[in-house]
Every structure is written in C-alpha cells, then in structure tokens.
Amino acid sequence: MNIIVTGGAGFIGANFLNLMVPRFPEHRFVNIDALTYAANLLSIQVADRPNYAFERVDITDRGAVDDVFARVEPDLVVHFAAESHVDRSIHAPQTFVQTNVVGTLNLLEAFRALPDVARRMFHHVSTDEVYGSLGPDGWFTESTAYDPSSPYSASKAASDHLVRAYHRTYGLPVRITNCSNNYGPYQFPEKLIPLMILNAVEGRPLPVYGRGENVRDWLFVEDHCEAIWLVVERGRVGATYNIGARNERRNIDVVHAICDIVADETGRSAAELRDLITFVPDRPGHDLRYAIDPRLVEEECGFAPRETFESGLRRTVRFYLENRAWVDSVRTGEYRSWIERNYSERT
Ligand code: NAD
Ligand code: TYD
C-alpha cells in the first residue's frame, strides 16, 4: 500500500510514523509536511527506513498537493496536518482557515482526481473540540451537534464537514476520527502538559488559566495512533468514530500530578514545584469540559487503550527529562517570541 501521511513531522503524525513504518515494511509511507514552527524532523525515528520518504509540501499549495498525489497514487491518506493550538488561533485565525479548511479541500480534490478512487481511503484526523463545551454531565457521541468555540475548533469543524460532504456528494471513501486531548513524547511545549513539565523542571511559573477548573479528557498519543490504525483496518466507510480513554481530569489536578511526578523523577520537593502554580486570566471562549464516549470505536474496531493516565504521564515526563536536545531544538526564536507575546498579555 502507498500511504500519504500529512503533518507527519508534528506531534501525533511523528508518533504515528514511528509506530507504523517499522510495523508495516510492506507499505510505503510518504510524509508530506510544510515544516511549520510545530514540526520537528528530529521527532521521526524512522527516517532511514527504506519504506519512508519525506517531501516538504504545503497543503495550501494546490499545485504541490496535486503533484505529490499524482506521483504517489496513495491507497490511503492519513491527514494530520493542521494548525493545532487554540491560543494561537485566538491571535491569528487566518492561518487556521488556510491550512485546516483550504488545505483539507486541496487534499480532497487531489484525492478525488486519483484513478479508481473507490478502492482507496481518506482518513481525516480531527478533534472532539468541534462539539463545543459540555456542562458537568454527559459525553460527546458521534451524533452530538457541532458547536465549536474557538477559531481552531471552527476550522476543524469546517474541515470535517468538507470531508463528509465529499463522501456524500462524490462518493469518496472517507473516515473521520474525533479524538480527545493527546499527550506524550514529541508534543510541542505550547500545550498544557509539555509546557507545565518543562516549566516545572526549569523552576518557572506554571500558568493555569482561570481557576484550573476546566476539564479535559486525556489520551496517550500512541493509543490514539493505534486507534487510528484500527479504524483504518476495521472502520465502516463514511463513518465517524470518537476516540478517547475515559480519562477526565481538571487542569489543576493535571498540573498537580505533573509536579508530583517531576519531583519524584528529579528528587525535588513537590510542594516547592506546586508553589510555581500561577493563576492567569482565562482564555476567551474557554470550553469548560470535554469528555468522549468511546463505545463505538471500542465495539466496532476493538479499541482498548494501553496506558492509564498515570503511566502515560510518567512516560511523558521521562521523555522530556531525557531528551533535552530535542527540547532545545524546538525552542527556536520564533517559539520564544510567541510564548512572550502570549503570556505578556495574560500576566
Ligand atoms: P502539531 O501542531 O503538533 O503538528 C501539525 C503538523 O502539521 C506540523 O508538522 C506542521 O508542520 C504541519 N502543518 C501545518 N500546516 C501545514 C501545511 N499548511 N501544510 C503541510 N503541513 C502543515 O499537531 P498535532 O497535535 O500533531 O495534531 C495533528 C492532528 O490531530 C491535527 O489535525 C489536530 O487537529 C488533530 N488532533 C490533535 C489533538 C491533540 O491533542 N494534539 C487531539 C485531537 C485531534
Ligand atoms: P491545550 O493544551 O492548549 O489544549 P486544548 O485547548 O486544545 O484543550 O490546553 C489544555 C487545557 O489547559 C485547556 O483547558 C487550557 C489549559 N491551559 C492552561 O491552563 N494554561 C496553559 O498555559 C495552557 C497552554 C493551557
């Protein structure tokens, strides 16, 4: 099988390639990525494998997308590429619409032009944030109405709608997965968990929005990648699957857990690390709670996560402690200026 993976130099895409390229030597994986600030080719541990290739392609460039699709003739497309950070989308929504909406449209058009498209598959990777916010009770199911709150989630919602519309209108074989918050190795340290780990390790403030009461539903990144592959193999054509592992946590409890594990791994005092917690003004439009009902992907595809939140978080802390070269390589000047811009307005 020829497989195009978009955004394979980002967090989830790199983990996906690291797992799947060695597991399936008979498949050829072509990673197309624009290498934005969020990408890091050092996250890919399989770059020297004969069944892996990288091409720098911006999915907003229709001609470049058409060209790589025509050459590779993918049997499967796994579409991760996106602008993915909510706070950035609040400051600069334009890029989110370009990459997440126009980029997805370009991929669908290039896919539609392939010969015998009915025997191929377009797998669209999306988020539970398209459903908006839950109150204290209930779960997101595959039939929950879309109600996105941020420019990020609105752009992902639009991309989901386009993928579904291409299935209904042109009969394209597609599947969509909507996943809860991921964490694990190689996540860019602008997201809650890696940001808090590195700040705790370096003794810097731990900026918690509001009172830390917001709830996210956490999934270890490798479990997400395994779920995607199960859906590729066993999912129904045209179907949507929500992916999660029933790991709801309040943000403040996540930060406490990080302080405890970092203290344990480094011999420091957990109480001193917790003293670094700084409550900062809330994110505008901040969704209160996300929680996935994963029964469909469990029942139809046999998904069962391997990591608990506690075991996955410890693996993640160890990754950031043991991979300082990777951490330093993602902290470019652009990264630092973004962090300064974001937090100078909040503190
Ligand atoms: P990420 O920001 O770490 O990586 C995104 C990758 O896409 C980067 O390598 C970047 O260079 C690439 N990219 C961005 N714009 C591009 C463009 N115009 N052309 C080509 N490549 C481009 O994101 P992630 O956390 O790995 O998320 C991957 C996918 O999973 C996204 O679609 C995201 O919406 C979805 N998702 C993420 C989470 C999460 O918690 N991280 C949860 C559910 C769903
Ligand atoms: P984030 O990792 O940005 O993921 P998302 O917004 O896509 O859920 O944020 C996770 C939660 O952590 C969210 O409720 C916002 C909160 N948060 C903070 O409290 N402080 C921070 O510095 C960041 C980045 C997030």
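(A) Main features of the site of ligand 1. Every one of the 29 residues lining ligand 1 counts as a neighbour, but I12, D33, S84, Y152 and K156 are closest to it. Take D33: an N or O atom from its side chain is 2.6 Å from an oxygen atom of ligand 1. Elements supplying a minimum of two residues to the shell around ligand 1: α1 (11-23), β5 (121-127), α5 (151-170) and β7 (181-183). The leading source of residues in the shell around ligand 1 is β5, at three residues. Residues belonging to the shell around ligand 1 are distributed by class as follows: 15 nonpolar, 11 polar and three charged.

(B) Region of the structure containing the packing of aromatic side chains. This structure, assessed with the given rule, holds 19 aromatic pairs. Linked through ring pairs, F16, F24, F80 and W229 together constitute an aromatic cluster. In this arrangement the basic side chain of R88 is found over the ring face of Y37, its NZ or CZ atom lying 3.5 Å from the centre. A cation over an aromatic ring shows up here: R112 above the ring of Y170, its NZ or CZ 3.9 Å from the ring centre.

(C) Representation of the pattern of salt bridges. The final tally for this structure, using the stated rule, is 28 salt bridges. Its salt-bridge partner being R88, residue E190 comes within 2.6 Å of it at the nearest N-O pair. Here the residue E190 occupies a position in the loop between β7 and α6 (192-202), and R88 occupies one in helix α3 (residues 86-91), the gap between them amounting to 102 residues. With relative accessibility at 9%, the residue R88 sits in the buried group. Of the charged contacts, one joins D293 and R295 as a salt bridge, the two residues approaching to 2.7 Å between their closest N and O atoms. Residue classification places D293 among the buried positions, given a relative accessible area of 6%.

(D) Structural detail: the nonpolar core. By size, the foremost hydrophobic cluster in this structure holds 32 residues, and its most contacted members are I193, L206 and I258. Those elements that provide at least two residues to this core are α6, β8 (206-209), β9 (215-220), α8 (251-266), α11 (309-322) and α12 (324-330). Counting residues per element, this core draws most heavily on α8, at eight residues. Aside from chain neighbours lying at most four places away, what touches I193 is Y183, W218, V254, I258, F309, L313 and T316. By size, the runner-up hydrophobic cluster in this structure holds 27 residues, among which are L17, A39, V46 and V232.

(E) Quick look at the side chain of K156. One can find K156 in helix α5. Setting aside anything within four residues of it in sequence, one finds K156 in contact with A82, N100, H124, V125, S126, T127 and V130.

(F) Layout of helix α4 (residues 93-112). Relative to the 28 Å expected for 20 residues at 1.5 Å per residue, α4 spans 28 Å between its end C-alpha atoms, a close match to the ideal helical length. Within the sequence span of α4, burial applies to F96, T99, N100, V101, G103, T104, N106, L107, L108, E109, A110 and F111.

(G) Geometry of the packing of helix α2 (residues 62-72) against α4. Their axes nearest at 9 Å, the elements α2 and α4 cross at an angle of 35°. Both α2 and α4 take part in a crossing whose hand is right-handed. Each of R62, V65, D66 and F69 in α2 lies in contact with α4, whose residues at this interface are N106, L107, E109, A110 and F111. The residue makeup of the contact of α2 with α4, split by class, is five nonpolar, one polar and three charged.

(H) Representation of the pairing of strand β10 (residues 240-243). Here β10 shows no split at all, with T240 and N242 on one side and Y241 and I243 on the other all buried. Bridge count for strand β6 (residues 174-179) against β10 is four bridges, and the pairing is parallel. Bridging across to β10, I176 finds its partner in T240.

(I) Structural context of the environment of E226. Here E226 is to be found in helix α7 (residues 221-234). Separated by 77 residues in sequence, E226 and F303 place their C-alpha atoms 8.0 Å apart. Excluding its chain neighbours within four sequence positions, the residues that come into contact with E226 are L19, M20, R23 and R306.

What counts and what doesn't
- Residues numbered from 1 in each chain as written.
- Chains lettered and ligands numbered in written order.
- Predicted model: local features only at pLDDT ≥ 70, side-chain atom pairs only at ≥ 80, totals over all residues.
- Heavy atoms only, no water.
- Near = heavy atom within 4 Å.
- Polar contact = N/O pair within 3.5 Å; in protein donor to acceptor, adjacent residues only side chain to side chain.
- Helix = DSSP H or I, 4+ residues; strand = E, 2+ residues; numbered from the N terminus.
- Nonpolar A, V, L, I, M, F, W, Y, C, P; charged D, E, K, R; others polar.
- Phe/Tyr/Trp six-rings, centres within 6.5 Å; stacked < 30°, edge-to-face > 60°.
- Lys NZ or Arg CZ within 6 Å of the ring centre and 35° of its normal.
- Salt bridge = Lys/Arg side-chain N within 4 Å of Asp/Glu carboxyl O.
- Buried < 20%, exposed > 50% of the residue type's maximum accessible area, 1.4 Å probe, protein only.
- Core = buried A, V, L, I, M, F, W, Y, C linked by side-chain atoms within 4.5 Å.
- Contact = heavy atoms within 4.5 Å.
- Expected span 1.5 Å × (residues − 1).
- Axes fitted to C-alpha atoms, helices over the stretch in contact; angles between N-to-C directions.
- Left-handed = near helix turned anticlockwise from the far one by under 90°.
- Pairing = 2+ DSSP bridges.

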